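A structural walkthrough
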Amino acid sequence: MSTINSIQQNDGLKNPWAVDHPAMLKLLQTDADAGLSAEEVVKRLRSAGYNKIESGKRISLAMVLINQFISPFVLLLGIAAGLSFFFKEWLDGIAIIVVILINAIIGFLMELQAEQSMEALKKLTRVPARVMRDGKQIEIPSEELVPGDILFVESGDMVTADGRLIRLSQLQTDESALTGESLPVEKLVPPLNEQTALAERANMIYKGTFVSKGNGYAVVVSTGMSTEFGAIARMVQQAEQAATPLEKKIAIFSKKLIWITVALLVLIFTAGLLNGKPFVSMLETSIALAVAAIPEGLPIVSTLALAYGMLRMARHNVIVKKLSSVETLGGTNVICTDKTGTLTQNKIEAVYIHIHQASTEIKLDLPNQSIHFISNTSISNAPAYHHLGRVAALCNTAYFDLDGKGETESGDPLEIGLLKMAYCAGINRQDLQQLFPKIDEVPFSSETKIMGTLHKNNEGYYIAAKGAVEELIARCTSVLEGSEIVPLTEEKRNQWLDIAEKRAQSGLRMLAFAFRDEDVIPKDFLHQLTLTGLIGFIDPPRPEVRAAIAECKSAGIKVVMITGDHPATAKNIAVQLGLAKETDGVIHGGTMKHFNELTQGDKEKWINASVFARVSPKHKLDLVTLYQNEKMVVGMTGDGVNDAPALKKADIGIAMGERGTQVAQEAAAMVLKDDAFSSIVLAVKQGRAIFENIRKFVIFLLSCNLSELLIISTASVLNLHFQLFPLQILFINLVTDVLPALALGVTEAEPHIMQRKPYPSETPIIDKERWTAIFVYSIIISIACIGGVFTSHELLHNQEGWNTELCNNVLFYTLIFSQILHVLNMSFEKGIAFYKTEIFKNRYVWYAIILCIAITVLSFLISPVRKVLDVSIYGWNDWTIVTLFSFLSFFVIQLIKRLRWVI
Ligand code: ATP
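Residues numbered from 1 in each chain as written. Predicted model: local features only at pLDDT ≥ 70, side-chain atom pairs only at ≥ 80, totals over all residues. Heavy atoms only, no water.

1. Side note on the overall build of the chain
Cut-off, in case you're wondering: Under the scheme used here, helices are H or I runs from DSSP no shorter than 4 residues and strands are E runs no shorter than 2 residues, and both carry numbers assigned from the N terminus. Relative accessibility decides the category of a residue: with a 1.4 Å probe and only protein chains considered, values under 20% of the type maximum give buried, values over 50% give exposed, and everything between is partly exposed. Contact between two residues is taken to exist if any of their heavy atoms lie within 4.5 Å; hydrogens are not considered. Computed by Shrake-Rupley with a 1.4 Å probe, the accessible areas treat only the displayed protein chains as cover when residues are assessed. By the counting scheme adopted, Arg and Lys are positive, Glu and Asp are negative, and His together with the chain ends is not counted. Just so you know, the charge point we use is NZ for Lys, CZ for Arg, CG for Asp and CD for Glu.
Scanning the chain from N- to C-terminus turns up 31 helices and 27 strands. Residue burial in the chain is summarised as follows: out of 903 residues, 54% are buried. When contacts within the chain are restricted to residue pairs at least 6 apart in sequence, long-range pairs at least 24 apart make up 71% of them. Counting every atom, the chain has about 40,100 Å² of accessible surface; 58% of that belongs to carbon and sulfur. Here the chain contributes 84 positively and 92 negatively charged side chains, and the mean placements of these two sets differ by 3 Å.

2. Points about the domain arrangement of the chain
Note the following rule: Source of the domain bounds: an automatic or database domain assignment.
Structurally, the chain comprises domain 1 (3–55 + 120–231), domain 2 (74–87 + 246–313 + 683–898), domain 3 (332–344 + 542–675) and domain 4 (349–538). The C-alpha centroid of domain 4 is placed 38 Å from the C-alpha centroid of domain 1.

3. Focus: the packing of helix α13 (residues 383–394) against helix α14 (residues 413–424)
Rules: Interaxial angles span 0 to 180 degrees and are taken between N-to-C directions of axes, which are lines fitted to C-alpha atoms, for helices over the stretch in contact. Working definition: roughly parallel below 35 degrees, roughly antiparallel above 145 degrees, roughly perpendicular at 65 to 115 degrees, and oblique for all remaining angles. Two helices crossing with the near one rotated counterclockwise from the far one by less than a right angle form a left-handed crossing, whereas a clockwise rotation gives a right-handed crossing.
Interhelical geometry of α13 versus α14 gives an angle of 135° and a closest axis separation of 9 Å. One finds that α13 runs oblique with respect to α14. As α13 packs across α14, the resulting crossing turns out to be left-handed. Contacts between α13 and α14 involve G389, A392 and A393 from the first element and L418, L419 and A422 from the second.

4. Structural notes on the pattern of salt bridges
Here the idea is simple: oppositely charged side chains can pair when their charged atoms come close. Note the cut-off: Within this document, salt bridges are pairs made up of a side-chain nitrogen of Lys or Arg and a carboxyl oxygen of Asp or Glu, the two lying within 4 Å of each other.
In total, this model carries 30 salt bridges according to the counting rule given. Across the salt bridge formed by R133 and D149, the nearest N and O atoms sit 2.7 Å from each other. Placement of the pair is R133 in strand β1 (residues 128–133) and D149 in the loop between β2 (136–141) and β3 (150–154), with a sequence separation of 16 residues. D149 matches R133 in its accessibility class, with the two residues each being buried. Where D565 meets R509, a salt bridge forms, and the shortest distance between an N and an O atom there is 3.0 Å. Taken together, the residues D565 in the loop between β22 (558–562) and α19 (567–576) and R509 in strand β20 (residues 509–518) connect sequence positions 56 residues apart. Comparing D565 with R509, the two get one shared label, buried. One network of salt bridges, in which partners are shared, links R695, D767, E769 and R770.

5. Section: the environment of A293
You can see A293 is positioned in helix α10 (residues 279–293). Among the residues examined, A293 registers a relative accessible area of 4% and is labelled buried. Remark: the alpha-carbon pair of A293 and L598, spanning 305 residues in sequence, is separated by 55 Å. Filtering out sequence-adjacent residues up to four positions away, A293 remains in contact with L257, T261, N705 and L709.

6. Some remarks on the side chain of R866
Mapped onto the fold, R866 is located in helix α30 (residues 863–868). Among all residues touching R866, those that are not within four sequence positions of it are S859, F860, L861, V871, S872 and I873.

7. Things to note about a positive patch on the surface
Let me state the cut-off plainly: Any residue with relative accessible area above 30% and no salt bridge may belong to a patch, with like charges joined within 9 Å and the nonpolar Val, Leu, Ile, Met, Phe, Trp and Tyr side chains within 5 Å.
Together, K830, K836, R898 and R900 give the surface a local cluster of positive charge. The residue R898 is located in helix α31 (residues 876–898) in this model.

8. Side note on the nonpolar core
We count it as follows: Joining through side-chain atoms within 4.5 Å is the link that ties buried Ala, Val, Leu, Ile, Met, Phe, Trp, Tyr and Cys residues into a set, and such a set is a nonpolar core.
Formed by 121 residues in total, the largest nonpolar core has its most connected members in M670, F677, I694, F697, V698, F812 and Y813. Ranked by the residues each element gives to this core, the list is headed by helix α24 (residues 677–717), at 19 residues. Residue-level mapping places this core at the junction of two domains, with at least three residues from each of domain 2 (74–87 + 246–313 + 683–898) and domain 3 (332–344 + 542–675). The contact partners of Y813, leaving out residues within four places of it in the chain, are T856, F860, V871, Y874, W879, V882 and S886. Residues L388, I416, L418 and F537 belong to the second largest nonpolar core, which totals 40 residues.

9. Quick word on the state of the cysteines
Here is the rule: Sulfur atoms of two cysteines make up a disulfide when they are within 2.5 Å.
If you walk through the whole model with that rule in mind, you get zero disulfides. C785 takes part in no disulfide bond, and the closest cysteine sulfur to it belongs to C704, at a distance of 10 Å. Of the residues examined, C785 reaches a relative accessible area of 0% and is grouped as buried.

10. Some remarks on the pairing of strand β19 (residues 484–487)
Side-chain positions along a regular strand alternate between the two faces of the sheet. Defined as follows: Only strands joined by at least two bridges in the DSSP assignment are considered to pair.
In this sheet, β19 lies alongside strand β18 (residues 476–481) in antiparallel orientation, the contact comprising four bridges. Each residue of the ladder has a partner; that of L480, found in β19, is I485. Connecting β18 to the next strand, β19, in antiparallel fashion are two residues, including G482 with a positive phi near 65°.

11. Concerning the packing of aromatic side chains
We apply this condition: Each Phe, Tyr or Trp ring, with Trp reduced to its six-membered ring, pairs with another whose centre is within 6.5 Å; inter-plane angles below 30 degrees give stacked pairs, above 60 give edge-to-face pairs, and intermediate values give tilted ones. By definition here, charges over rings are those cases where NZ of Lys or CZ of Arg is within 6 Å of the ring centre and within 35 degrees of the ring normal.
Taken as a whole, this structure holds 24 aromatic pairs when the rule is applied. Relative to W879, the ring of F860 has its centre 5.4 Å away and its plane inclined at 80°; by these criteria the two rings are edge-to-face. Of the two residues, F860 sits in helix α29 (residues 843–861) while W879 sits in helix α31, which places them 19 residues apart along the sequence. A single burial state applies to F860 and to W879, both of which are buried. Plain terms: the ring middles of F887 and F891 are 6.2 Å apart, the flat faces sit at 25° to each other, and that makes the pair stacked. With F887 and F891 both in helix α31, this residue pair falls four residues apart, about one helical turn. The exposure class of F887 is partly exposed, given its relative accessible area of 38%. Joined through ring pairs, the aromatic side chains of F834, Y835, F840, W846, F887, F890 and F891 make up one cluster. Positioned above the aromatic ring of Y217 is the side chain of R167, whose terminal nitrogen or guanidinium carbon lies 4.3 Å from the ring centre. Between R866 and the ring centre of F860, over which it is positioned, the NZ or CZ distance is 5.9 Å.

12. A word on the sheet that holds strand β8 (residues 318–320)
Strand order in this open sheet of eight strands is β8-β27-β26-β25-β9-β22-β24-β23, and the pairing throughout is mixed. The two strands at the open ends of the sheet, each matched to only one other strand, are β8 and β23 (587–588). Pairing geometry for β23 and strand β24 (residues 611–613), over two bridges, is parallel. The residue bridging I587 from the neighbouring strand is F612, located in β24. Against the sheet, helix α21 (residues 617–629) contacts β9 (334–337), β22, β24 and β25 (634–638), and its axis sits at roughly 170° relative to β25.

13. What about the site of the ligand?
Spelled out, the test is: Here a residue is considered near a molecule or strand provided that any single heavy atom belonging to it is located within 4 Å of it. Two N or O atoms form a polar contact when they lie within 3.5 Å of each other; inside protein one atom must be a possible hydrogen donor and the other a possible acceptor, and for residues adjacent in sequence the pair counts only when both atoms belong to side chains. Asp, Glu, Lys and Arg are counted as charged, while Ala, Val, Leu, Ile, Met, Phe, Trp, Tyr, Cys and Pro are counted as nonpolar; the rest, among them Gly, fall into the polar class.
By nearness alone, 19 residues border the ligand, and K339, R509, T563, G564 and D565 come closest of all. Residue D412 places a side-chain N or O atom 3.1 Å away from a nitrogen atom belonging to the ligand. A distance of 2.4 Å is found between an oxygen atom of the ligand and a side-chain nitrogen or oxygen belonging to R509. Alone, the ligand offers 600 Å² of accessible surface; in the complex the protein occludes 91% of this. Of all elements in the fold, only β17 (461–468) and β20 reach the threshold of two or more residues within the shell around the ligand. By residue class, the composition of the shell around the ligand is five nonpolar, five polar and nine charged. When we break the shell around the ligand down by domain, the ones giving at least three residues each are domain 3 (332–344 + 542–675) and domain 4 (349–538).

14. Comments concerning α31
Formally: The length a helix should cover is 1.5 Å for every residue beyond the first.
The first and last C-alpha atoms of α31 sit 32 Å apart over 23 residues, in line with the 33 Å expected at 1.5 Å per residue. Two residues or fewer after α31 comes R900, characterised by a positive phi angle close to 60°.

15. Let's talk about the environment of D517
Secondary-structure assignment places D517 in strand β20. Note: C-alpha distance between D517 and K456 (61 residues apart in sequence) is 9.9 Å. Residues in contact with D517, not counting those within four places in the same chain, are Y461 and Y462.

Written as structure tokens, this is what we have:
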């Protein structure tokens, strides 16, 4: 029996909350500090399996294949085949069956491909887990967690397995996903009563919940389907993925088409019988009509276009998690973005120092471990400067080291910037930490905008604090002037605020620093502080953002900066990036009223503003609500735990891949792997392109099908000597329609796609303008095909009388080639020649065209196929006419597009 099996037999594991944690560690044969060894993990993984939730309704391959046959289209074809057999048209019957099979196989392969793309994307959004293994803390894919692993979690992390806590600091979790309880749960370590209910097991953490505060270590007790979350998943079994709005639109649309076809069928059938045509020939015509009308490829081509779009975005660092978001993206008309890291580079560098009555710009010289004081070198001797350096190094959770192998750094870029400054100022952080061991910490939060640490030293206690200038100064009662601590009067306070404001206006990010000495351990230590100085940082804008914002403007998308930074800094960056004008106002979070108290005037002010500063995450939620009430489609970025509600509420929640917490990434519909604003714009562009592509192939398929309908109806109503046969139509629909349509689905965005306003979400795939175009295109194609037959008859075969088979063949091939060429008509960019469009440049379109022609030629050369299709060999003159009339239809359509009669 393997270790894990014998462990799992143990009763203690059934109620891990009732066992004290050293016993639990023993039970799971693991070590709190070292964790498991690599060999042990391999063994445990083999017996416990991967830490994954199996989605209950995983459709098997066989089901995917069977699903291909469950469609009204196959039903109609099945009836057609049945009737053919009934009337002893064996060849037709068998051929229809073969076509059904081929169609099913294409559908099956495409669906498989779409499924694979989705799987590939899922892998990209995997949640990592931090564990102790072989004595080191490492990051692993959470699927590889095993019972006995020592898991570390901190604020913002998703919990990825069930664990018994062994050590923690201020740990709180949000367990609403599991228990429905929306308040955070305070965690602890001691054992609990065996009967404790799930929601009250405070010494456990559970898969599917997330950490809202603090951090902790837990020993993993169960993984995958054995977790509480797994048990629920097993009970509920995951719902099927809902169809996207677009897929729904297409389904409704296809149904309508079927009804129209049935109505047309009945009409023509009755008219034919009344005209005295034989029943069997009318039946054949009706079958042809039914087959002609249905755009078989539609649903699968649209799913594939969406899935392919997602993959393409992934290549550009944008992970879209839901298929439906791809569509929403294209309609986005306001993007709310953070400043730090999204618009700026997040390479934060200290460049300015201010202490009492002295300030200077500074330049760090890392290789030589020194600071150049540009205008005031005497600062380096002032006591305030020393406190500044000390607070910078102590009140800091980042890591920075410079050794022979180069720089190593991790943590908040602003804090890394501070550590670099302290390093250049000659402060040895490790020595300092030994002299001043940390005994408590008030972590930084976007709400309070400050951070503080409490340290012990020889004389007593030392408090180090830093934060947004106005927030920290509000907690200071004195200031360090020279070597004296004097009261911070109102006048002095304002002077300091003025200095910070002025620097912020020039784009610097200003931070204030304070300290306090204490004899006894203080309770609430972030009060009555002594202000020691200010440090200014630069965080240059990302170079590509200006162009991206300009692109948004021309695309009718409003860009709004929502930042926790100072209004003046925010404004400076906004002006640099072309996001706001010098004269524009900035809305300060402090002045933002509660949502329910907003007057109409306030609302208008908010809607018109483009910079919001010193905001907290709650304001983000209010802004999303406001924009949505105005029927805007909102994209909102976020990275923190508290951003999750706004990310969920926005039409497109956008989380940061580098800076963002796991919770934000979980809540968002889209994750930016590189955190860059320009990637959002790129995604919007892709979203628009996908919608356009879907429109393109729907127009293409419908105009092709309609032209077939028109030809059959005309031939039938006018009693012409020729007609299209069901098998020929099937051949056309399968060969000349589906392949080019698939290629259209992956066309690149047209160059002007970002120069028009976003479409409202209710925009139909086919509006009036496009319906008109479909009718006009199909009329032209039909006239060209029928015209081809008449020309061939009049010019070449007049003496021979009507040769029905020849007429049919000319009709058939003219239709095939017209439709193949018609794919090049599918660009709707105004005033661009067809050979300059993205469709012409799309190599897949050319592959499709070549393949279609090759199949057509092969089908003509292989005699059994030729027989099935009812075609025969005839002269070059006829081929010339076929070619001329196919091109004629293409050029006439091009001409009327040029004349702007249709789009
Ligand atoms: P954005 O919202 O665009 O990312 P931001 O990074 O400035 O901007 P927050 O992280 O909420 O927003 O920070 C708000 C303010 O808090 C900052 O302007 C700064 O003054 C202060 N601040 C930021 N990081 C720290 C930190 N680690 N310690 C103390 N104060 C900080």
